[in-house]
Amino acid sequence: MEHFSELCYPIFEQATNDYHLTDDVDAMIRNPYPQEKIECYLYLKNWIDAVQWHLEDIIRDPNIDPSKALVIKRRIDKSNQDRTDLVERIDSYFLDKYKDVHVLPDATINTESPAWAIDRLSILVLKIYHMKAEANRMDAEANHLDSCRRKLDVLLEQKKDLSTALDQLLNDISEGRKYMKVYKQMKMYNDPSLNPVLYGKK
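It should be emphasised that the depicted structure is a prediction, and the values quoted were computed from it without experimental measurement. (Residues numbered from 1 in each chain as written. Predicted model: local features only at pLDDT ≥ 70, side-chain atom pairs only at ≥ 80, totals over all residues. Heavy atoms only, no water.)

> I'd like to hear about the overall build of the protein chain, residue by residue, with values.
Scanning the protein chain from N- to C-terminus turns up six helices and two strands. Secondary structure elements of the protein chain, listed N to C terminal, follow the sequence α-α-α-β-α-α-β-α. When its C-alpha atoms are laid out on the principal axes, the protein chain stretches across 60 × 55 × 30 Å. Looking at the protein chain as a whole, 39% of its 202 residues qualify as buried. Here the analysis covers contacts within the protein chain between residues at least 6 apart in sequence; of these, 75% occur between residues at least 24 apart. Summed over its atoms, the accessible surface of the protein chain is roughly 12400 Å², and 54% of this surface lies on carbon and sulfur atoms. (Helix = DSSP H or I, 4+ residues; strand = E, 2+ residues; numbered from the N terminus. Buried < 20%, exposed > 50% of the residue type's maximum accessible area, 1.4 Å probe, protein only. Contact = heavy atoms within 4.5 Å. Areas by Shrake-Rupley, 256 points an atom, 1.4 Å probe, with all protein chains shown as cover.)

> Describe in detail the packing of helix H1 (residues 5-22) against helix H4 (residues 114-135), supporting the description with residues and values.
Interaxial distance between H1 and H4 falls to 10 Å at its minimum, and their mutual angle equals 45 degrees. The orientation of H1 with respect to H4, classified from their angle, is oblique. Handedness of the H1/H4 crossing: right-handed. Across the interface between the two elements, Ser-5, Cys-8, Tyr-9, Phe-12, Glu-13, Thr-16, Asn-17 and His-20 of H1 pack against Ile-118, Leu-121, Ser-122, Val-125, Leu-126, Ile-128, Tyr-129 and His-130 of H4. Taken together, the residues of the contact of H1 with H4 break down into nine nonpolar, six polar and one charged. (Axes fitted to C-alpha atoms, helices over the stretch in contact; angles between N-to-C directions. Parallel < 35°, antiparallel > 145°, perpendicular 65-115°, else oblique. Left-handed = near helix turned anticlockwise from the far one by under 90°. Nonpolar A, V, L, I, M, F, W, Y, C, P; charged D, E, K, R; others polar.)

> Help me get a handle on the packing of H4 against helix H5 (residues 142-174), residues and values and all.
Contact geometry for H4 and H5: axes closest at 9 Å, N-to-C directions at 160 degrees. Judged on the interaxial angle alone, H5 and H4 are roughly antiparallel. Judged by the sense of rotation from one axis to the other, the crossing of H4 with H5 is left-handed. Of the residues that constitute the contact of H4 with H5, the class distribution is 18 nonpolar, three polar and seven charged.

> Describe in detail the packing of aromatic side chains, supporting the description with residues and values.
Applying the stated criterion across every chain, the model contains seven aromatic pairs. With 5.1 Å between their ring centres and 75 degrees between their planes, Tyr-93 and Phe-94 make a pair best called edge-to-face. The class for Tyr-93 is partly exposed, based on a relative accessible area of 30%. Residue Phe-94 is classed as buried on the basis of its relative accessible area, which comes to 0%. Among the aromatic residues, those joined into a cluster by ring pairs are Phe-4, Tyr-93, Phe-94 and Tyr-98. Here the guanidinium or amino end of Lys-159 rests over the ring plane of Tyr-9, the centre of that ring lying 4.2 Å away. (Phe/Tyr/Trp six-rings, centres within 6.5 Å; stacked < 30°, edge-to-face > 60°. Lys NZ or Arg CZ within 6 Å of the ring centre and 35° of its normal.)

> Quick one: what's the story with the pattern of salt bridges, residue by residue and with numbers?
By the definition in use, this model includes 13 salt bridges. A salt bridge links Lys-78 to Asp-82, with the shortest nitrogen-to-oxygen separation between them at 2.9 Å. In this pair, Lys-78 and Asp-82 are both assigned in helix H3 (residues 66-97), four residues apart and thus about one turn of the helix distant. Taking the shortest distance from any N to any O, the salt bridge between Arg-83 and Asp-119 comes out at 2.7 Å. Placement of Arg-83 in helix H3 and of Asp-119 in helix H4 is noted, with a sequence separation of 36 residues between them. Asp-119 carries the same exposure label as Arg-83, and that label is buried. The network of salt bridges with shared partners includes Lys-45, Asp-49, Arg-83 and Asp-119. (Salt bridge = Lys/Arg side-chain N within 4 Å of Asp/Glu carboxyl O.)

> So what's going on with a nonpolar patch on the surface? Residues and values would help.
Taken together, the side chains of Val-103, Ile-109 and Tyr-179 make up a nonpolar region of the molecular surface, amounting to roughly 230 Å² of accessible area. Secondary-structure assignment places Val-103 in the loop between H3 and strand S1 (108-109). (Patch = residues over 30% accessible without salt bridge, like charges linked within 9 Å, V, L, I, M, F, W, Y side chains within 5 Å.)

> Any details on the nonpolar core? Residues and values, ideally.
Judged by nonpolar contacts, the single largest core of 46 residues is most densely connected at Phe-4, Leu-42, Ile-90, Phe-94, Ile-118 and Leu-121. Sorting the residues of this core by element identifies H1, helix H2 (38-59), H3, H4 and H5 as the ones contributing at least two each. The element best represented in this core is H4, accounting for 10 residues. Apart from the residues within four sequence positions on either side, Phe-94 is in contact with Phe-4, Pro-114, Ile-118, Leu-170 and Met-180. (Core = buried A, V, L, I, M, F, W, Y, C linked by side-chain atoms within 4.5 Å.)

Printed below as a string of structure tokens:
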């Protein structure tokens, strides 16, 4: 049985905790894993998510200067592109890992690739981290704390279910019961040849 979630989750927690040592969207990443290894990709994945999480918080400040908001919006756009590129790199790892698997005649395809499930698990780590913080706020009222603790319970249940689903998917792929079919990104708004605003269509 594949237990890839047991590799992912601690690395995601490590990256989340490392980010919050400074809690600074401009902090330099210090990835402790060797380049081009899957662990390096996982750490980078969560770091990108952590920075974007906080950029999304900052841009929602109702008093933010519009020029600063535009700069942050551009950073979020780039972060989304980096995130998608990295997800595809992680899927390439699995495509290579399982390239010699004999796919069974009745094998089925999944609604999402393994890397997109891993993407959701990375973001879930951040949700759990921040909900724990909210559930333990010293300045919050009791009803806020109770609400956040209930939400935290749901997130922890989701962590268990998502980890199980990811491991089952990878096990099915490794046994030929499911197969991977990855569609490369077709984002149009970043492509100067596809976005009418960028190529000058009136």
